[in-house]
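So the chains spell out like this:
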Amino acid sequence: MIDADVVVGLEVHCQLDTKSKLFCGCSTDYRNDGPNTHVCPVCLGLPGTMPVLNRRAIEYAMRVAKALNCTVIPESEFSRKNYFYPDLDKAYQVTQYDKPLALGGYVEIEGDDGKERRIQLTRIHVEEDPGRLVHMGNAERGRYSLVDYNRAGIPLIEIVSEPEMRSPKEARKFLNKLRATLEYLGVFDPEKEGSLRVDANISLRGSERVEIKNITSYKGVERALTFEVTRQKNQLRRGLKVDRETRHYLEARGITQSARSKEQENDYRYFPEPDLRPLRVQSWVKDVKLPELPDARRERFVQQYGCSLNHARTLTGELKMANFFEAVVAGDGNGLCKLAATWIADTLAGELNYRSMGIDVLDAKRFTGLLVLLKAGTITDKSGIEVMRVMLDERLKGETVETPEAIVSRLNLAKTTGDDTALLGAVHDVITENPKAVEDYKAGKNGALNFLVGQTMKKTRGRADPGELNRLMVEALKSAEQ
């Protein structure tokens, strides 16, 4: 029992990026406005109001269903899910219960064993978002909470997976793939706060299921599940049982905390929404047009641009990165595809992540210019990284971003050559300054050569070609022996 398998299922709530709410005309663009300014009698649930369904929200939901290989059922319907919570103004949520919009489907991910795995989906249903609580202090010890209903009535889809993921890492891969697909479909805005929220269900095979509510980041899902695996195994190791319950993830502390016992479905007293007719939209499926999705684009990058599978997977994992790559290599008159794939997927992605910047801050034409300098041998890889960092830092500071050529000229980063007097002088200076390393080299310690070359690279600020510098250093050391 202690070594039982991990079983994970996810419930992913995605805010559909429509201009108005699900059942009324209130604007969904509320994030820069004051609390309770995007509300009306309908989304506040005042007596006598009647909901009118947003057609665009249903079209977006069907686009997702088709992309995820789901089956849209002939007739779906909305129900009332009854429960009391301060952010639920009507004391019920309009959602779909036993007749959801779509059933089945799957998402393909790379499993922990490196092989492709197909994670089956249970359903996709449409529902309205509740409002949100703003805790004065924090959620644990705040003196009081305020409620904002601007979010109430925003159209959501809930994508429910089967419990087929076998580790927190697989859960994160599932979310990354799902997020990329939704982004390619253009149905949600990943930049908006709260646009994608996750409830995770986890158990050790044979034990009770625990639900972790409202995790707001992909890393948070993996961390919350990792903590919960450890907690549940420790419970079993001590001879205690794992209770079926709902827990909250406290991101600042990296732990989950018990919130309440897990509700059963009959606690919600579902019944059909009397003010909305059943949905019969199966015939719309044939008219739903899908864009090129991440898997198809990944295969095209491998075939068209000669990218490695790993680079293609990274480049197409985010829509903006895929678009940036294609803008950089547009026409590919300079044969930059493979170089661009390496620099964007590995080097640039790391620099952007360090600065918490999106890839759209960088001008594709200027990045192409940097790659042209690298391919021509005008600058070394180390100098290329320095140029890229200058460009990103200038953008971060709101300054005018220089061209790569201007940065190379201003900072004197052009590659030195073997007949460069300054380079030869740097080689001889390093040999003179490091007699111990020279003696180690003469004694056959190969690491000494790497040390001496590294010291010379520091003196030249990375302007020297590593291969050429290695040759010059060996020649200089041989001359010193004579």
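Preceding block: the structure.
Bear in mind that the values here come from a model prediction, so they are computed numbers and not experimental data. (Residues numbered from 1 in each chain as written. Predicted model: local features only at pLDDT ≥ 70, side-chain atom pairs only at ≥ 80, totals over all residues. Heavy atoms only, no water.)

Trainee: Honestly, helix α2 (residues 168-185) in this entry has me stumped. Any pointers?
Mentor: Each α-helix winds once per 3.6 residues, and so residues spaced three or four apart point in a common direction. Under the 1.5 Å per step criterion, the end-to-end length of α2 is 26 Å for 18 residues, consistent within 8% with the ideal 26 Å. Of all 18 residues in α2, 14 are buried; the element is thus mostly enclosed. Two residues or fewer past α2, Gly186 is found with a positive phi of approximately 70°. (Helix = DSSP H or I, 4+ residues; strand = E, 2+ residues; numbered from the N terminus. Expected span 1.5 Å × (residues − 1). Buried < 20%, exposed > 50% of the residue type's maximum accessible area, 1.4 Å probe, protein only.)

Trainee: Just checking my understanding: could you explain the pairing of strand β7 (residues 116-128) for this structure?
Mentor: Within a regular strand, the side chains alternate between the two sheet faces. Bridge count for strand β5 (residues 102-103) against β7 is two bridges, and the pairing is antiparallel. Paired with Leu103 across the two strands is Arg123, which belongs to β7. Looking at chain direction, strand β6 (residues 106-110) and β7 are connected through five bridges and run antiparallel. Bridge pairing in β7 links Ile109 to Arg117. Between β6 and β7, which pair antiparallel and follow one another directly, the connecting turn spans five residues, one of which, Gly114, has a positive phi of 85°. Taken together, the seven bridges between β7 and strand β10 (residues 155-161) define a ladder with antiparallel strand orientation. Within β10, the residue paired with Leu121 across the bridge is Ser161. (Pairing = 2+ DSSP bridges.)

Trainee: How should I be thinking about the packing of aromatic side chains in this particular structure?
Mentor: One pair of aromatic rings is described through two measures. These are the centre distance and the angle between the planes. Applying the stated criterion across every chain, the model contains eight aromatic pairs. Seen in terms of ring centroids, Phe23 and Phe78 are 5.7 Å apart; in terms of plane orientation they differ by 80°. Their pairing is edge-to-face. Here the residue Phe23 occupies a position in the loop between β1 (6-15) and α1 (55-67), and Phe78 occupies one in the loop between β2 (71-72) and β3 (79-82), the gap between them amounting to 55 residues. The buried category is assigned to Phe23, whose relative accessible area is 7%. Classification of Phe78 by relative accessible area gives buried; the value is 2%. What links up through ring pairs into an aromatic cluster is the set Tyr83, Tyr97, Tyr268 and Tyr270. The ring of Tyr268 has Lys81 sitting right over it, with the charged end atom 4.4 Å from the ring centre. (Phe/Tyr/Trp six-rings, centres within 6.5 Å; stacked < 30°, edge-to-face > 60°. Lys NZ or Arg CZ within 6 Å of the ring centre and 35° of its normal.)

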